[in-house]
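Coordinates in review
In case you want the letters, here they are:
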Amino acid sequence: MSCRIRILCDNSAGALSGTLGEHGFAALVQQGDESLLFDTGAGQTLLHNAQRMNVDLRCVEQVVLSHGHHDHAGGLWPLLQAAGPKKVLAHPDVFASRYVLREGSARSVGIPYSEEFLAGLGASFSYGDAFREVLPGVFLTGEVPRRTSFEEGDAGLFCDLAGCRRDTVLDDQSLVIVTGKGLLLLLGCCHAGVVNTLELAREKTGVGEVYGVVGGCHLAFSSQPQIDATIKALKKYGLKKVSPGHCTGFHAAARLAHEFPGGFKPLQVGYLLEVE
């Protein structure tokens with residue numbers, strides 16, 4: 001069965017005329033006749049880009065949220081208004097308060113709408129923190145155990161405005177697609193760490209080979225030692241496809257391009273990957 005991944009929202013737009021970029025992420029995943037929307041972007045480009053790509057979001061019945069940040073869930077409101085009721089799969093902590101503190105300033109980065117407001121527009125929430133199948137051969141990781149010593153996460157994220165309680169984004173989840181070439185990971189931001197997520201995917205599916213990694217790797221705010229250790233670990237998997245985007249950061253993406261010259265392709269709006 002062929003699986004198709006089409007990027008609807010990302011920081012940059014590709015060659016497809018008329019599409020727009022924003023700081024956000026959304027991908028349409030199609031497995032046979034079934035489909036889901038993985039994240040919804042920040043809310044400014046999802047509907048526009050879907051229209052430019054002739055994607056009818058009314059036909060998508062379920063939405064999976066990678067975690068509770070505005071640049072991944074901000075598009076829920078316009079999506080529900082334009083495309084009707086949706087089943088929304090998420091971690092129980094997805095509506096937690098979130099803040100980023102950098103260079104002396106603080107701002108909210110959580111989901112900008114309440115659960116009650118979105119439910120009133122037709123969102124039906126299904127919460128879970130366990131590994132589960134969401135389409136045939138497509139799995140949601142659930143909460144990812146933090147096992148590596150080097151994937152320290154983003155030190156600028158907090159649960160309060162005062163910066164007293166660090167937010168480790170325990171609700172972070174990714175999609176795992178079992179293909180004939182091995183596992184393909186689709187990442188929203190991967191706050192849990194790419195290697196932590198890969199190891200959970202291999203453990204839960206029983207598939208050792210990893211074909212590729214697509215999406216946000218959240219290395220833009222990571223230390224140089226973490227970037228070095230992450231790339232060193234990724235090289236051991238023999239990845240054939242590496243397509244970083246969104247929060248990966250230019251420096252880390254350039255390193256990945258250097259280390260994976262044969263399989264590297266930057267992620268942009270309009271990117272299409274089909275794998276069996």
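Throughout what follows, the structure given in this document is the object of discussion. (Residues numbered from 1 in each chain as written. Predicted model: local features only at pLDDT ≥ 70, side-chain atom pairs only at ≥ 80, totals over all residues. Heavy atoms only, no water.)

What about the overall build of the protein?
When its secondary structure is counted, the protein shows 7 helices and 16 strands. Its C-alpha atoms give the protein a radius of gyration of 17 Å, near enough to 19 Å, the size a compact globule of 276 residues would have. Relative to its full complement of 276 residues, the protein shows a buried share of 54%. By sequence separation, contacts in the protein at least 24 residues apart represent 72% of the contacts at least 6 residues apart. A total of about 11,400 Å² of accessible surface is found on the protein, and carbon and sulfur atoms cover 50% of it. Side chains of the protein carry 24 positive and 29 negative charges; the gap between the two charge centres is 5 Å. (Helix = DSSP H or I, 4+ residues; strand = E, 2+ residues; numbered from the N terminus. Rg over C-alpha atoms; globule rule 2.2 N^0.38 Å. Buried < 20%, exposed > 50% of the residue type's maximum accessible area, 1.4 Å probe, protein only. Contact = heavy atoms within 4.5 Å. Areas by Shrake-Rupley, 256 points an atom, 1.4 Å probe, with all protein chains shown as cover. Lys, Arg positive; Asp, Glu negative; His and termini not counted. Charge placed at Lys NZ, Arg CZ, Asp CG, Glu CD.)

What about the environment of Tyr113?
Relative to the helices and strands, Tyr113 resides in the loop between strand E7 (105-108) and helix H4 (115-120). Residues Tyr113 and Leu36, spaced 77 residues apart in sequence, show a C-alpha to C-alpha distance of 21 Å. In this view, Tyr113 contacts Ala73, Gly74, Trp77, Pro78, Phe95 and Leu118; residues no more than four positions away in its chain are not counted.

Quick notes on the sheet that holds E7
The strand order E7-E6-E11 describes an open sheet built from 3 strands, whose pairing is antiparallel. Two strands lie at the open edges of the sheet, namely E7 and strand E11 (157-158), each paired on one side alone. Where strand E6 (residues 99-102) lies against E7, 4 bridges are found, and the strand directions are antiparallel. Each residue of the ladder has a partner; that of Tyr99, found in E7, is Ser108. (Pairing = 2+ DSSP bridges.)

Some remarks on unusual backbone geometry
Positive phi, normally seen in glycine, also occurs at Asn54, with a value near 60°. Along the polypeptide, Asn54 turns up in the loop between helix H1 (46-52) and strand E4 (62-64). Its identity is not glycine, yet Cys190 carries a phi of approximately 55°, on the positive side. Within the secondary structure, Cys190 is located in the loop between strand E13 (182-187) and helix H5 (194-205).

What to know about H5
An ideal rise of 1.5 Å per residue puts 16 Å on 12 residues; H5 measures up with 16 Å between its terminal C-alpha atoms. Buried residues of H5: Val194, Val195, Asn196, Thr197, Leu198, Leu200 and Ala201, and no others. Count one or two residues on from H5 and you reach Gly206, which has phi positive near 80°. (Expected span 1.5 Å × (residues − 1).)

So, the packing of aromatic side chains
For the structure shown, the criterion picks out 7 aromatic pairs. Seen in terms of ring centroids, Phe25 and Phe38 are 6.3 Å apart; in terms of plane orientation they differ by 80°. Their pairing is edge-to-face. In this pair, Phe25 is assigned in the loop between strand E1 (3-9) and strand E2 (26-31) and Phe38 in strand E3 (residues 34-38), connecting sequence segments 13 residues apart. Each ring, one from Phe125 and one from Tyr127, has its centre 5.7 Å from the other, and the planes form 5°; the classification is stacked. Each member of the aromatic cluster is reached from another via a ring pair, and the members are Trp77, Tyr113 and Phe117. The ring centre of Phe221 lies 3.9 Å from the NZ or CZ of Arg102, which sits over that ring. (Phe/Tyr/Trp six-rings, centres within 6.5 Å; stacked < 30°, edge-to-face > 60°. Lys NZ or Arg CZ within 6 Å of the ring centre and 35° of its normal.)

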